[in-house]
Structure formats: C-alpha cells, structure tokens
Amino acid sequence: MTHAQPTTVRIRGILRRATTVVIIESPPDELDRPGAARTILTGTEIHELAALLDVVDGGARHLCRCLGSPTFLAINAQGKEIRRWTLHHQEWIRDGGFDAPLLDASALIGWLAERGLSGSVRARQAIAAERARDEERRVRWVAAGPKVLMWAVEAASRREPGAEDKLITLLREHHPDRAERIAMLLAWASLAARSTDGTPWHELIPRRMLLAESDEALLAVVTGGPLTPSQLDGAADLFTSLEWTRPPRSAIPESLRMELIAHVVATGTEPMKFRMRHGYGKYAV
C-alpha cells in the first residue's frame, strides 16, 4: 500500500479513528516475540500519544535499513489495523514510504518509559555513546593531519560542501615535493588502516590522494628508505585496497612485501591481518 506523505494532521486523524493502539517493543517482523514489552492504549491515552507524534510535515523519502522499534499499531472499532508506525533511531516515525522527524522525540521516549517501554531510553543512550566515540575519533583524525591546514582538515572531516577538494588542493600546494607528500599521507593513513569498526569517508582522504599518485612515485618512496610504523600501516592499507588490486596496479617488490608481512604479523589488527592474508601475504603466511 502506498501512503501519502506524513503530516501531523494526518497522523492525528488516523488516531482519532483508532479505538485501540498497541505499542510493542520490537520491530514489525517480531511482534509475537516472547517477552517483548507492550502496552495497550485506549481513550485519553490515545489522545496523549497523538500529541507526542507531531512531525516535520512531509517527512523524507529515504529509509534507513533498520526495521525500527517500538512498533505502533492503530486499530479501529472493528478490530482492523488501520495504520502501523515504527520508531527509527529514536528520532523518526516511519509512515509508509517516509521517515518523518519527530518534533519532540524526547517527550515521546519519556512517555513510553513511563508505561514500561524503556528500550528507547537505552537505545538513545547507546546512540549518544556511539556519537561521542565518533566525535572523539574525528577530532583525533583532524589532530593527526597537517597542523598548518587544520582548519581545512576540520571542514573536510565535517563533510562541508567542497571541503575535500579544497583540502586536496591545499595539501598539494603546501607539499609540492611529491616524495614528501606521499610520506606524509602514508603516515596519516595509519588511523584508517588500524580501524576495526568501519572507516568514515573523510578518513580515506589520504588513501584517495595516494591512489592519485603514479605507481612509480609511490613505490619509490616506500622502497627508498626506512618507513616509520605509521607509514608501514598506511602502505599496508594502500596495497590491499580494492583500488590498487582491482584492476591490479604495479606489483610491489618482494623486499617490501616481506617487510609489510612482518610488520602486520607483529603489530597489525585482525582486519589488517585478514586483508594481508588475502592480498600481498596470500602465499607467504
């Protein structure tokens, strides 16, 4: 069924037709899950809920991939389900093909908790903790970049329009010597290389810049002298990236291959070791 764009007036109209609203602390495909907390609303409680479901009219026609929880079932006097909503990321109500931002998600979550549905409180706490970790990581990446261009690195980390292209231009201007630039980028790429829980888009800027250099220039730097542990991290990441291996670019020298294998075996994270075993270390370990 195709639903019209959600609005506060439309949601309230549906709830006026409902004689019962069942709220189940589970995604819509697990409504019969044993132990799932639930509450049944009638009368004035439905009116209270309606006042808490004020949304940004129109919503956004993009859907996150999660199924959402809790699930709200609006049921009419004949016992027929007339609408189903789910709460997503503790901020949006999904109505048909739209995610509509709630105007006061905190009020709804507190109201649900008063009725024994505290899952959204825990989920919001987990989201806040995750965002704090992400921010700490972003700040760490900015601090690891070129100090003279920290303002540009900051803008790129926040994905401001045009910020990445501006940063790349400025990095090339401030590091016109290709070998020096490659060495700096290899060390900066260490943070993304050692990631064990996904890599934000901005952290791959050093790798994207390295891949824009010629194979000859890259290999000249990584074989031209001792690399620091951070530069070895960056090189290990670069030479296992899909952009390097598919389609294949230049083969790395045997001496470098063995150096990277030794470094990753001794100090690498499990994802680094996995990429090594399926890349340049495939036949060595």
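The numbers attached to residues start from 1 for each chain and follow its sequence in the written order. For this predicted model, a pLDDT threshold of at least 70 governs which residues receive local features, and a threshold of 80 or more governs which side-chain atom pairs are given and counted, while totals over whole chains, interfaces and linings are taken from all residues. Each side-chain value is derived from all of the structure's non-hydrogen atoms; neither hydrogens nor water enter the calculation.

Thoughts on unusual backbone geometry
A cis geometry characterises the amide bond from S69 onward to P70, with omega recorded as 5°. For P70, the location among the structural elements is in the loop between α2 (44-52) and β3 (71-75). At the junction of R246 and P247, the peptide bond is cis and its omega measures out at -5° in the coordinates. In this description a helix means any DSSP run of H or I spanning at least four residues, a strand means any run of E spanning at least two, and both kinds are numbered starting from the N terminus. Assignment of secondary structure puts P247 in the loop between α12 (242-245) and α13 (254-267). The backbone phi angle of H89 is positive, close to 55°, even though this residue is not glycine. Phi is positive for R159, which is not a glycine, with a value near 55°. With respect to the element layout, R159 can be found in the loop between α5 (150-157) and α6 (163-174).

With respect to the pairing of strand β1 (residues 20-24)
If a strand is regular, its side chains alternate between the two faces of the sheet. Most of β1 sits out of view: 4 of its 5 residues are buried. We treat two strands as partners when DSSP finds at least two bridges between them. Pairing of β1 with β3, which is carried by 5 bridges, proceeds in the antiparallel orientation. Its bridge partner lying in β3, V22 is registered against L73. Bridge count between β1 and strand β2 (residues 38-41): 4 bridges; the pairing is antiparallel. Opposite V22, over in β2, you have I40 as the bridge partner. We call a residue buried when its accessible area falls under 20% of the maximum for its residue type, exposed when it is over 50%, and partly exposed in between, using a 1.4 Å probe and counting protein chains only.

With respect to the sheet that holds strand β6 (residues 98-101)
If you trace the 6 strands from one edge of the open sheet to the other, you get β2-β1-β3-β4-β5-β6, paired in antiparallel fashion. The sheet is open, and its two edges are formed by β2 and β6, each paired on a single side. Between one strand axis and the next, the sheet turns through 20° on average, direction left out of account. In this analysis an axis means a line fitted to C-alpha atoms, helices contributing only their contacting stretch, and an angle means the value between N-to-C directions, from 0 to 180 degrees.

Regarding empty space enclosed by the protein
Whether a set of points on the 1 Å grid over the protein atoms alone is a cavity depends on a 1.4 Å probe fitting there but being unable to get out, while an open set qualifies as a pocket with protein on both sides within 12 Å along at least five of seven lines; lining residues are those with an atom within 4 Å of a point. Grid points are joined across faces, edges and corners, and a volume is the space filled by probe spheres set on the points. Under the criterion given, the structure shown has 1 cavity of 30 Å³ or more. Computed from the structure, the largest cavity encloses a volume of approximately 40 Å³. A193, D233, A236, D237, T240, M272, R275, M276 and Y280 together form the lining of the largest cavity. Gly is placed with the polar residues, together with every amino acid not listed as nonpolar (Ala, Val, Leu, Ile, Met, Phe, Trp, Tyr, Cys and Pro) or charged (Asp, Glu, Lys and Arg). Per-class residue counts for the lining of the largest cavity are 5 nonpolar, 1 polar and 3 charged.

Overview of the layout of surface pockets
To find leftover empty space, one rolls a probe the size of a water molecule over the atoms. Quantified by volume, the largest pocket comes out at close to 560 Å³. Along the walls of the largest pocket sit 22 residues, with F239, T245, H278, G279 and Y280 positioned nearest its centre. Contributions of two or more residues to the lining of the largest pocket are made by α12 and α14 (270-277). Top element by residues in the lining of the largest pocket is α12. It accounts for 3 residues.

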